[in-house]
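Here is what each chain is made of, one letter per residue.
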Amino acid sequence: EDLRVDGRGCEDYRCVEVETDVVSNTSGSARVKLGHTDILVGVKAEMGTPKLEKPNEGYLEFFVDCSASATPEFEGRGGDDLGTEIANTLYRIFNKSSVDLESLCISPREHCWALYVDVLLLECGGNLFDAISIAVKAALFNTRIPRVRVLEDEEGSKDIELSDDPYDCIQLSVENVPCIVTLCKIGYRHVVDATLQEEACSLASLLVSVTSKGVVTCMRKVGKGSLDPESIFEMLETGKRVGKVLHASLQSILHKEESLGPKRQKVGFLG
Amino acid sequence: MAGLELLSDQGYRVDGRRAGELRKIQARMGVFAQADGSAYIEQGNTKALAVVYGPHEIRGSRARALPDRALVNCQYSSATFSTGERKRRPHGDRKSCEMGLQLRQTFEAAILTQLHPRSQIDIYVQVLQADGGTYAACVNAATLAVLDAGIPMRDFVCACSAGFVDGTALADLSHVEEATGGPQLALALLPASGQIALLEMDARLHEDHLEQVLEAAARASRDVHTVLDRVVRQHVQEASVLLGD
């Protein structure tokens, strides 16, 4: 049968709550609550110099902070290991086509926008990677980067001018931003969106990063156990299927929230 | 900032408040289900989250256990996106360590640690958005979280900041007011007895004005106490409705 401890099927997600624009000091932010997992992502856009090997592009930097509020073991430097692992995974799933980096360039070789994506892990209830990737996508959708113009003098010195209207911003297209689907192998079956208890029972998991079109950008096996090749192919197919559905619902929720406009009642942690 | 009037001639501050007026406080207890106690508070644009674990056995070296009371352990962390300029490290820098020690001092005065010997109480505070008065917001959030965890306390701990401009004491400073570099007083008060748990002041202030500023901070802390008291009662009422009493 297709029944888990809490009544879900093997491919069902728990109830996900997504809210954007939660923190005002950022260019974009999002909060995702997936069961007992609570993630807050803030995106800050800052002016920087393009990397030497990519002079026409801006760049994204990921930083993950595993807060001690998730578990006392994360106090001090305890959460650094998990944080670096998640940040490295995020770097790997984002490739050239995920975000249009050329739109972040202001003037080649001199100025570009650097997007610092900061993930704050507040509560850990299983399935961290999925929740974090959903939150990152929602935060990037919510990011508003101010429009700038480069003015050149007669001497050739450049000046960057910010537009006067605070609402004159460029919005990033998150069509190709991938989401991670974690599939945990428990016994002979595999499940999507495992809780902490289910994760403790599973020996190995497969992280599949899927875009909304079903393209797989990255795949990684985690866990102490081993997986046989047939299960990997099965899990990959499930991952792609589930990923497409996830993207579709996330897009509809984000568009619906955005259509409510600035008059929307912000709930945040108070609701 | 030259030309920025912190207090206008009519007595209004930059954000339209009066000198002794607090910012709007909204709070919620029991934000996270997995922690023993948690609370979230918004004081104007400053947002802080506090999570409490404990009392539980001492983690790490057993030698730190105190034979007659509990050990209070605090960590202050502010998110990298909380301030206008991005912070590189959320915690571990000197200011965060100092805030952690101050929080520890504040709560050791309020929590009845004699009731839990040889154990540890962890209080973790996270600042999500910093717009002035972060210490006060952290203390208020931590009080609610400790109450949510059911740890017995002597009294509420209510905190507020105060400053001094043009002969008037201002209560509950915002970031703009703090950034001008004038005197800032941070006060943590136990309202019922009027005892001060923590008093800290930066910059120079003439001793003649100290009384006035201290009085403004104490009055503001008592106002905070009224709000927090209402939040706790409402939370208890909601919880008892859910339990079916």
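Cut-offs applied
- Residues numbered from 1 in each chain as written.
- Chains lettered and ligands numbered in written order.
- Predicted model: local features only at pLDDT ≥ 70, side-chain atom pairs only at ≥ 80, totals over all residues.
- Heavy atoms only, no water.
- UniProt positions renumbered as here; feature names shortened; annotations may be inferred.
- Contact = heavy atoms within 4.5 Å.
- Buried area = accessible area lost by both parts, 1.4 Å probe.
- Polar contact = N/O pair within 3.5 Å; in protein donor to acceptor, adjacent residues only side chain to side chain.
- Helix = DSSP H or I, 4+ residues; strand = E, 2+ residues; numbered from the N terminus.
- Pairing = 2+ DSSP bridges.
- Axes fitted to C-alpha atoms, helices over the stretch in contact; angles between N-to-C directions.

- The name given to chain B in an unreviewed UniProt entry is Exosome complex component RRP41, and the organism recorded there is Muntiacus reevesi.
- Recorded in UniProt for chain B, the comment headed Sequence similarities (unreviewed entry) runs: "Belongs to the RNase PH family."

- Looking at an unreviewed UniProt entry, one finds chain A named Exosome component 7 and attributed to Muntiacus reevesi.
- Its UniProt record gives chain A the following Sequence similarities (unreviewed entry) comment, quoted word for word: "Belongs to the RNase PH family."

### Concerning the interface of chain B and chain A
Often, the extent of an interface is quoted as the loss of accessible area on bringing the components together.
Thought 1: Every contact between the two is made by 35 residues of chain B and, on the other side, 35 residues of chain A.
Thought 2: Both faces considered, chain B and chain A share a buried interface measuring about 2,900 Å² in area, 55% of it formed by carbon and sulfur atoms.
Thought 3: For chain B, the biggest contributors to the area lost against chain A are Q34, F81 and R86 of chain B; these three give 26% of the whole.
Thought 4: Joining chain B to chain A, the criterion identifies 19 residue pairs in polar contact (both at pLDDT 80 or more).
Thought 5: Broken down by secondary-structure element, the contributors of at least two residues to the side of chain B that touches chain A are β1 (25-29), β2 (37-43), β3 (46-57), β4 (71-78) and β5 (119-129) of chain B.

### Some words on the environment of V52 of chain B
Thought 1: Structurally, V52 of chain B can be placed in strand β3.
Thought 2: Excluding anything up to four places from it in sequence, V52 of chain B contacts A35, D36, G37, I121, D122, I123, A145, V146, A149 and I151 of chain B.

### Observations concerning the UniProt feature "domain: Exoribonuclease phosphorolytic" (unreviewed entry) in chain A
Residue and element names in this part refer to chain A.
Thought 1: UniProt feature "domain: Exoribonuclease phosphorolytic" (unreviewed entry): in the numbering of this structure it lies at residues 13-146 and 176-241.
Thought 2: Taken end to end, residues 13-146 is 22% helix and 38% strand, and its first and last C-alpha atoms sit 36 Å apart.
Thought 3: Annotation note: span residues 176-241, helix share 29%, strand share 41%, distance between end C-alpha atoms 16 Å.

### Overview of the sheet that holds β1 of chain B
Residues and elements named next belong to chain B.
Thought 1: The strand order across the open sheet built from five strands is β1-β2-β3-β5-β4, with neighbouring strands paired in mixed fashion. A single partner strand is all that each edge strand has here, and the edge strands are β1 and β4. Shown here is a sheet whose adjacent strand axes are inclined to one another by a mean of 15°, direction ignored.
Thought 2: Strands in contact with helix α1 (residues 94-110) are β4 and β5; relative to β4, the strand with the most contacts, it is inclined by about 140°.
Thought 3: Strand contacts of helix α2 (residues 134-148): β1, β2, β3, β4 and β5, with the helix running at about 145° to β2, the strand carrying the most contacts.

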